[in-house]
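Chain and residue survey
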Amino acid sequence: MSSASSPASIAPEVACIGESMGLVTALGAPLAETETAALGLAGAEGNVAVGLVSAGHRAAWASRLGDDPIGVRISTELARRGVDLWVTTDADAPTGVMFKDPGTESSSVYYYRRGSAASLMAPGFLDAPQLAGVRIVHTTGITPALSPSCRAMVDQLFVDARTAGTLVSFDVNDRRALWTMQDAAETLTRLADAADIAFVGRDEAERVWGTATAVEIRAHLPNCGLLIVKDGDVGATAFLGDDEPVFVPAPRVEVVEPVGAGDAFAAGFLAATLDGAELAERLSAGHTAAARVLTTHGDLPPLP
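These lines cover the structure that appears in this document, whether it is placed above or below. (Residues numbered from 1 in each chain as written. Predicted model: local features only at pLDDT ≥ 70, side-chain atom pairs only at ≥ 80, totals over all residues. Heavy atoms only, no water.)

Side note on helix H5 (residues 148-163)
Heads up, the rule is: The helix count covers DSSP runs of H or I at least four residues long, the strand count covers runs of E at least two residues long, and both are numbered beginning at the N terminus. Helices are assigned an expected span. That span is 1.5 Å times one less than the residue count. Exposure is judged per residue with a 1.4 Å probe applied to protein chains only, and the accessible area is read against the type maximum: over 50% gives exposed, under 20% gives buried, and values in between give partly exposed. We call two residues in contact whenever any of their non-hydrogen atoms come within 4.5 Å of each other.
The end-to-end C-alpha distance of H5, which contains 16 residues, comes to 23 Å, matching closely the 22 Å that a straight helix rising 1.5 Å per residue would cover. Within H5 the residues assigned to the buried category are Cys 150, Met 153, Val 154, Leu 157, Phe 158, Asp 160 and Ala 161. Packing partners of the buried residues in H5 comprise strand S2 (14-17), helix H3 (128-131), strand S9 (136-140), helix H4 (142-145), strand S10 (167-171) and helix H6 (181-194). The positive-phi residue at the C-terminal boundary of H5 is Gly 165, with phi of around 75°.

Given below as structure tokens:
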């Protein structure tokens, strides 16, 4: 095992931790029939880091990659987009890969990530000294679903972030294929409720917790400092302490593909948070960032 890169002396504003994978997307026909495909990358936390950098902030992506061409492609692309890399390269475990059948309503995805380098992250992968000076650490519900060691790592990350004086941002981002409903419901509740900022889709909350409305989700997560409930093309509601909730409707856009919009929303919201914007402005910034991704193919917007 070798370290490809490590935290720089000047801390980024946000550290995003989680798995990025090679992404193979069918072109022109369903995956079972197509003769052509595009090779890119996918990963919620990496997407958020890219979105933050594009909004003018310094962000790091922390993870593990295999010592293989897919790992090189991921690290090269994220670095090209201005993301700081806090990456360990593993000579014995591969970089994960996913295949996608795109659709306008929803995309079918197929994961090949079991035993990946990122799934071997363990407690202490990012510790309090490494997080010194970082304003926000961001991860998602995908990371604890990867393996028991990743779940323990995320639990410890929350503790270490608090020790470092860093805010914890957590996007529920339930991936049904990765774990049981019971494990998801328990773990996602614990982590979202402990976060300083938590993002959750109303539909996924209803699926995992049986909470049908934003108010019910808030009742389920009473201790979360700032809870953002996203309701697709309806809008997003923010709950901050005991204040009246703030709702901002989503703009109308022509959806090309929905994948990646949630990550873009989180990046836009966090960027506006770093800028000191009011709560309604932060929700609007999230919507604007999500709209950009909804109108393009792929998780990441094209570079200028």
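Structure's up, so let's keep going.
Comments concerning the packing of helix H1 (residues 44-54) against helix H9 (residues 261-274)
To keep it simple, the criterion reads: Orientation is described by lines fitted to C-alpha atoms, with helices fitted over the stretch in contact, and by angles between N-to-C directions that extend from 0 to 180 degrees. The scheme is simple: roughly parallel for angles under 35 degrees, roughly antiparallel for over 145, roughly perpendicular for 65 to 115, oblique for anything else. Crossing chirality is assigned from the near helix's rotation relative to the far helix, an anticlockwise turn below a right angle marking it left-handed and a clockwise turn marking it right-handed. Residue classes follow a fixed rule: Ala, Val, Leu, Ile, Met, Phe, Trp, Tyr, Cys and Pro count as nonpolar, while Asp, Glu, Lys and Arg count as charged, and any other residue, Gly among them, counts as polar.
Their axes nearest at 8 Å, the elements H1 and H9 cross at an angle of 45°. The orientation of H1 relative to H9 falls into the category oblique. Read as a crossing pair, H1 and H9 show a hand that is right-handed. In this structure, H1 uses Ala 44, Asn 47, Val 48, Gly 51 and Leu 52 to contact H9, whose residues at the interface are Asp 263, Ala 266, Ala 267, Leu 270, Ala 271 and Leu 274. Split by residue class, the contact of H1 with H9 holds eight nonpolar, two polar and one charged.

Thoughts on the pattern of salt bridges
As a reminder, the rule being used: Between Lys or Arg on one side and Asp or Glu on the other, a salt bridge is scored when a side-chain nitrogen of the former is within 4 Å of a carboxyl oxygen of the latter.
Following the criterion strictly, the structure yields 13 salt bridges and no others. For Lys 230, the salt bridge is made with Asp 171, and the minimal N-O distance between the two is 3.9 Å. Taken as a pair, Lys 230 in strand S12 (residues 226-231) and Asp 171 in strand S10 lie far apart in primary sequence, 59 residues in all. Judged by its relative accessible area of 15%, Lys 230 falls in the buried class. For Asp 171, a relative accessible area of 2% gives the class buried. Note that Asp 174 and Arg 176 form a salt bridge whose closest N and O atoms lie 2.9 Å from each other.

Points about the pairing of strand S14 (residues 246-249)
What counts is decided by this rule: Paired strands, in this sense, are two strands between which DSSP finds at least two bridges.
Of the strand pairs in this sheet, strand S13 (residues 235-240) and S14 are connected by four bridges, and their pairing is antiparallel. Each residue of the ladder has a partner; that of Thr 237, found in S14, is Phe 247. With antiparallel pairing between neighbouring strands as the criterion, S13 and S14 make up a hairpin whose turn holds five residues, including Gly 241 at a positive phi of roughly 55°.

Topic: the sheet that holds strand S3 (residues 21-26)
Strand order in the open sheet formed by four strands is S4-S3-S7-S8, with mixed pairing between adjacent strands. The open sheet is flanked by strand S4 (37-42) and strand S8 (108-112), the only strands paired with a single partner. On average, each strand axis in the sheet is tilted by 25° relative to the strand beside it, whichever way the strands run. Sheet topology places S3 next to strand S7 (residues 97-101); four bridges connect them, and they run parallel. Bridging from a neighbouring strand, Val 24 pairs with Phe 99 of S7.

Focus on the packing of aromatic side chains
Here is the rule: Pairs were defined over the aromatic rings of Phe, Tyr and Trp, the Trp ring being its six-membered one, requiring ring centres within 6.5 Å. Orientation was assigned from the angle between planes: stacked under 30 degrees, edge-to-face over 60, tilted for the rest. A ring is considered to have a charge above it if a Lys NZ or an Arg CZ atom is located within 6 Å of its centre and within 35 degrees of its normal.
Under the counting rule described, the total for this entry stands at five aromatic pairs. Geometrically, the ring pair formed by Phe 99 and Tyr 112 is edge-to-face, given 5.5 Å between the ring centres and 80° between the ring planes. Of the two residues, Phe 99 is situated in strand S7 and Tyr 112 in strand S8; the sequence distance between them amounts to 13 residues. Taking relative accessible area as the criterion, Phe 99 reaches 28% and is therefore assigned partly exposed. With relative accessibility at 55%, the residue Tyr 112 sits in the exposed group. Taking the centre distance of 6.5 Å and the plane angle of 15° together, the rings of Phe 265 and Phe 269 count as stacked. Of the two residues, Phe 265 and Phe 269 are both situated in helix H9; the distance of four residues between them amounts to about one turn of the helix. Assigned by exposure class, Phe 265 and Phe 269 land together as buried. Of the aromatic side chains, those joined through ring pairs into one cluster are Phe 199, Phe 265 and Phe 269. Across the ring face of Tyr 111, the terminal group of Arg 113 is positioned such that the distance to the ring centre comes to 4.6 Å.

Some remarks on H6
Along its 14 residues, H6 runs 20 Å from first to last C-alpha, staying within 8% of the 20 Å computed at 1.5 Å per residue. The set of residues buried in H6 consists of Ala 184, Ala 185, Thr 187, Leu 188, Thr 189, Leu 191, Ala 192 and Asp 193.

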